[in-house]
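Results of the structural survey
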Amino acid sequence: MEEKERKAQFLTDSNIEIKRVYSKIDVPSEEPGEYPFTRGVQPTMYRSKFWTMRQYAGFSTAEESNRRYHYLLNNGTTGLSVAFDLPTQIGYDSSHEFADGEVGKAGVAIDSLRDMEILFDGIKLENITTSMTINSTASILLSMYIALAKKQGADLKKISGTIQNDILKEYAARGTYIYPPKPSMRIITDIFEYCSKEVPKWNTISISGYHIREAGSTAVQELAFTLANGKAYLKAAIDKGLDINVFAKRLSFFFNAHNNMFEEVAKFRAARRMWAKITKELGATDPRAQMLRFHTQTGGSTLTAQQPHNNIIRVTTQALSAVLGGTQSLHTNGFDEAIALPTEEAARIALRTQQIIAYESGAADTVDPLAGSYFVEALTNEVEAAAWEYIKKIDAMGGSVSAIEQGYMQNEIAASSYKYQRDIQIGEKIIVGVNKFTIEEEPLKDIFTVDDSIREKQIQKINQVKSERDNEKVLVLLQKLEVTAKEDQNLMPVILEAAENYATLGEIADVMRNVFGEYNG
C-alpha cells in the first residue's frame, strides 16, 4: 500500500511544482566555459581557483571598519565588501539634519576622501579586490576610491573591484535613490565609459537581484527582474554609442541565495544561459561579453531572531547552493544579523563556513557537480521558462524603466512577499524555530552596538577637512560640475577632481540634486 505523502502538492518558493520523481530528459550538451554557459563561465571553475570569499562589512566610523577589515584579511578573506550607512547612500553628509540617528548604523560613514583614506589605511588597493554596495552615489564613492589609489601610487589599470551602481532595483525594491531615472541612467553610462578607458579591470555595475529578493520576490522574479534591468543598462550604453563587446565584459551580477537549495542552483544556471542569449541578441560576439559573472550573498531576510544559531545551518545550505551554482564570489551572513551587526565571532564563523565548503566538502572539486541530475536540469528549464514570461511582459511595457514607472515590478514583489508571509503564518511554510520547534530562550548576550556619538566625531572630521582644504578651488570645481551636469559631457572626471580636492560627498551630490532634481517615486 502506497503511503500518503506529507502534502497534496510540493512547490518551490516560485510555485513551480516538484514532481515525485524525475526521469531522463535532454541534458545540455555544451561544456563549461562555452556558450550559453549553463555549466559555468570557466572550463575549470574552482579546480583552478576558489571563488572570492568576500565578507561584507562596514559600520560606525572608517577607523572601526578598518579594524574589522584587517581582522577579516588576517582570517583568510580574499576580497573586501563595503557597506555604507544610509546618509552616505542617499548623498547626505553626516552633518546634515536628515543624517541624525543614522550615521554609521547600516554601514560606514564616508563624508570625504579623508574617510576613504582611513577606511583603507594599511591596505594596498592594488593587492585586494573591493566591492562597494553603493548606488545613487556610486560615482562619488568610486571617485574617492580612485583618488585614494592614485595617492597610493597604484596603477589604475590594475585596481579591481565592483560598484553596485544599479539604480533600477532601487526604484523597484529598495528606495535609496536620489535623482530621477533618466539622469541616473546617464550617470551610470558615464561610469561605464570612463572606467572602460581609465580603470579597465573595474566592474562598473553589479546588477542586483539580491535586494529584489530581500523585498519579497520569488526566485523566478529575482531572476527575471534582474536580467530585465540588465537589458535596460545594455540598451542605454549602446544608445550612448558604447561597444557592447567592450563594456559588457565589466558588468557583473549580485544574486541572493535562499533556503530552497535546488531552486537556487537552477536559478544560477538559468541566469547564465539567459544572459548569454540576451547579450547575443543585442550584438555581443565576444564570449567574454556574453558571460554572466555574479557575486552571491546568503539571504538576509531568511535569518531569524529566534534560535539565532539555526542561522548557521541556513547560511551553510545557502552558501552551498551558490557554490554548486557556480558563483564567482560569495558573502556569508553572520548568525546574529537578524538582531544586530555581526560580532567578530559571527563574522569568523561565516567566513569559516565558506572555507569548510571550499576545502572539506568536495563541492569545489568538479565543475557543475549537479549537471545531469534529472531534477536540477528540469528545474533549470522551468525556472528559465517562467523568467522569460516575465521578461516578455516587461519588454511589452517598454522595458524596465517603464515597468518600474508603472509600478509593475513593485506590485509583483509585494504580492509575492504577502503570500510568503501568509504561508508562514498559516503554517503552510515551516520556518524552524519560528512557527515550529519553538523553545523558550534567553536573548543573545554578545551583541554588536554602534555608539550614537559617532555623528559628532564625523562632523568634527568634516569641519577639519573644510578648514584644511583649498575652499576656493573646491567652489570652482563644484561650479564646474554644475556646468558639466547641464551639458552632455562625462561627469566622472569632474567628480573625481572634486573628490581629490576633498569636496564632501554631500556637496557633490547636492550639485547634481540642484541640476537633476529628486525622484519622489
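Above: the structure in question.
Residues numbered from 1 in each chain as written. Predicted model: local features only at pLDDT ≥ 70, side-chain atom pairs only at ≥ 80, totals over all residues. Heavy atoms only, no water.

1. Description of the overall build of the protein chain
Within the protein chain, the regular secondary structure consists of 20 helices and nine strands. Here the protein chain has a C-alpha radius of gyration of 23 Å; the compact-globule value for 521 residues is 24 Å, and the two agree. Principal-axis analysis of the C-alpha atoms places the extent of the protein chain at approximately 85 × 55 × 45 Å. Split into buried and exposed, the 521 residues of the protein chain put 58% on the buried side. Put simply, 79% of the contacts in the protein chain that link residues at least 6 apart link residues at least 24 apart. For the protein chain, the accessible area works out to roughly 21,700 Å², and carbon and sulfur atoms hold 49% of it. In the protein chain, 58 positive and 69 negative side-chain charges are present, and the distance between their average locations comes to 4 Å. (Helix = DSSP H or I, 4+ residues; strand = E, 2+ residues; numbered from the N terminus. Rg over C-alpha atoms; globule rule 2.2 N^0.38 Å. Buried < 20%, exposed > 50% of the residue type's maximum accessible area, 1.4 Å probe, protein only. Contact = heavy atoms within 4.5 Å. Areas by Shrake-Rupley, 256 points an atom, 1.4 Å probe, with all protein chains shown as cover. Lys, Arg positive; Asp, Glu negative; His and termini not counted. Charge placed at Lys NZ, Arg CZ, Asp CG, Glu CD.)

2. Side note on the environment of Ser208
In this structure, Ser208 sits in strand E6 (residues 205-208). Sequence separation between Ser208 and Ala322 is 114 residues, and the spatial gap between their C-alpha atoms is 15 Å. If we skip the residues at most four places from it in the chain, Ser208 touches Gln164, Asp166, Lys169, Thr226 and Phe254. A polar contact of 3.2 Å, which involves the side chain of Ser208, links it to the backbone nitrogen of Tyr210. Side chain to side chain, Ser208 and His211 meet in a polar contact 3.0 Å long. (Polar contact = N/O pair within 3.5 Å; in protein donor to acceptor, adjacent residues only side chain to side chain.)

3. Comments concerning the environment of Val450
Tracing the backbone through its elements, the reader meets Val450 in the loop between helix H16 (408-425) and helix H17 (454-468). When the C-alpha positions of Val450 and Ala509 are compared, they lie 26 Å apart, and in sequence the two are 59 residues distant. Not counting chain neighbours up to four residues away, the residues in contact with Val450 comprise Ser60, Gly104, Lys105 and Leu341.

4. A short note on the packing of aromatic side chains
Under the definition given, this model contains 22 aromatic pairs. Measuring from centroid to centroid gives 6.2 Å for Tyr69 and Phe120, while their planes differ by 25°, and the two rings are stacked. Of this pair, Tyr69 sits in helix H1 (residues 62-74) while Phe120 sits in the loop between helix H3 (113-119) and strand E3 (129-133), and the two are 51 residues apart along the sequence. For the pair formed by Tyr69 and Phe120, the shared burial category is buried. For the ring pair Tyr179 and Phe516, a centre distance of 5.7 Å and an interplane angle of 80° mean the geometry is edge-to-face. Here Phe516 lies in helix H20 (residues 505-516) and Tyr179 lies in the loop between helix H5 (168-174) and helix H6 (181-198), a separation of 337 residues in the sequence. Each of the two residues, Tyr179 as well as Phe516, counts as buried. (Phe/Tyr/Trp six-rings, centres within 6.5 Å; stacked < 30°, edge-to-face > 60°.)

5. With respect to the side chain of Gln290
By secondary structure assignment, the location of Gln290 is in helix H11 (residues 287-290). Those residues within four positions of Gln290 in sequence are excluded, and the remaining contacts are Tyr35, Phe37, Trp275, Ala276, Thr279, Lys280, Ala284 and Thr285.

6. A word on helix H4 (residues 138-151)
Over its 14 residues, H4 extends 20 Å from the first C-alpha to the last, a length consistent with the 20 Å expected when each residue adds 1.5 Å. Of all 14 residues making up H4, twelve are buried, and the element is well covered by its neighbours. For H4, the complete set of buried residues consists of Ala138, Ser139, Ile140, Leu141, Leu142, Ser143, Met144, Tyr145, Ile146, Ala147, Leu148 and Ala149. Count one or two residues on from H4 and you reach Gly153, which has phi positive near 80°. (Expected span 1.5 Å × (residues − 1).)

7. As for the packing of H6 against helix H19 (residues 492-500)
Between H6 and H19, the shortest axis-to-axis distance is 9 Å and the interhelical angle comes to 80°. With respect to H19, the element H6 is oriented roughly perpendicular. Along the contact surface, H6 presents Asp190, Ile191 and Tyr194, while H19 presents Met492, Pro493 and Leu496. (Axes fitted to C-alpha atoms, helices over the stretch in contact; angles between N-to-C directions. Parallel < 35°, antiparallel > 145°, perpendicular 65-115°, else oblique.)

8. A short note on the nonpolar core
Counting residues in each nonpolar core, the largest one holds 72 residues, and the members touching the most others are Trp51, Phe192, Phe225, Leu227, Tyr233, Phe247 and Met409. Counting residues per element, this core draws most heavily on helix H8 (residues 219-239), at ten residues. The residues contacting Phe192, other than those within four sequence positions of it, are Asn165, Thr204, Ile205, Tyr233, Ala237, Leu242, Phe247 and Leu251. (Core = buried A, V, L, I, M, F, W, Y, C linked by side-chain atoms within 4.5 Å.)

9. Remarks on the side chain of Thr302
With respect to the helices, strands and loops of the structure, Thr302 is situated in the loop between strand E8 (294-298) and helix H12 (310-324). Not counting residues within four places of it along the chain, the set of residues in contact with Thr302 comprises His258, Asn259, Asn311, Arg314 and Gln318.

10. Looking at a nonpolar patch on the surface
On the surface, Ile430, Val432 and Phe437 cluster together into a nonpolar patch covering about 280 Å² of accessible area. Relative to the assigned elements, Ile430 resides in the loop between H16 and H17. The class for Ile430 is partly exposed, based on a relative accessible area of 40%. (Patch = residues over 30% accessible without salt bridge, like charges linked within 9 Å, V, L, I, M, F, W, Y side chains within 5 Å. Salt bridge = Lys/Arg side-chain N within 4 Å of Asp/Glu carboxyl O.)

11. Remarks on helix H14 (residues 374-396)
Taking 1.5 Å of rise per residue, 23 residues should cover 33 Å, and H14 covers 33 Å from first to last C-alpha, within 8% of that figure. For H14, the set of buried residues is Phe375, Val376, Glu377, Ala378, Leu379, Thr380, Val383, Glu384, Ala387, Tyr390, Ile391 and Ile394.

12. Focus on the pairing of strand E2 (residues 79-83)
The element E2 is largely enclosed, with a buried count of five among its five residues. What you see with E2 is no split at all: Gly79, Ser81 and Ala83 on one side and Leu80 and Val82 on the other are buried throughout. Sheet topology note: the E2/E3 ladder contains five bridges and is parallel. When the sheet's bridge partners are listed, Leu80 is paired in E3 with Thr130. (Pairing = 2+ DSSP bridges.)

13. Here's the deal with the pattern of salt bridges
Throughout the structure, instances matching the rule amount to 33 salt bridges. Linking Asp423 and Lys419 is a salt bridge whose minimum nitrogen-to-oxygen distance equals 2.8 Å. With Asp423 and Lys419 both in helix H16 and four residues apart, the pair spans about one turn of that helix. With a shortest N-O distance of 3.4 Å, Arg513 and Glu518 are connected by a salt bridge. Classification of Glu518 as partly exposed rests on a relative accessible area of 45%.

14. Notes on the packing of helix H10 (residues 261-281) against H14
Between H10 and H14, whose axes approach to 8 Å, the crossing angle comes to 55°. By the criterion of interaxial angle, the relationship of H10 to H14 is oblique. As for the relative orientation of H10 and H14, their crossing is right-handed in sense. Only Phe375, Val376, Glu377, Leu379, Thr380, Asn381, Val383, Glu384, Ala387, Trp388 and Ile391 of H14 make contact with H10, whose side of the interface consists of Phe262, Glu263, Val265, Ala266, Lys267, Arg269, Ala270, Arg273, Met274, Lys277 and Ile278. (Left-handed = near helix turned anticlockwise from the far one by under 90°.)

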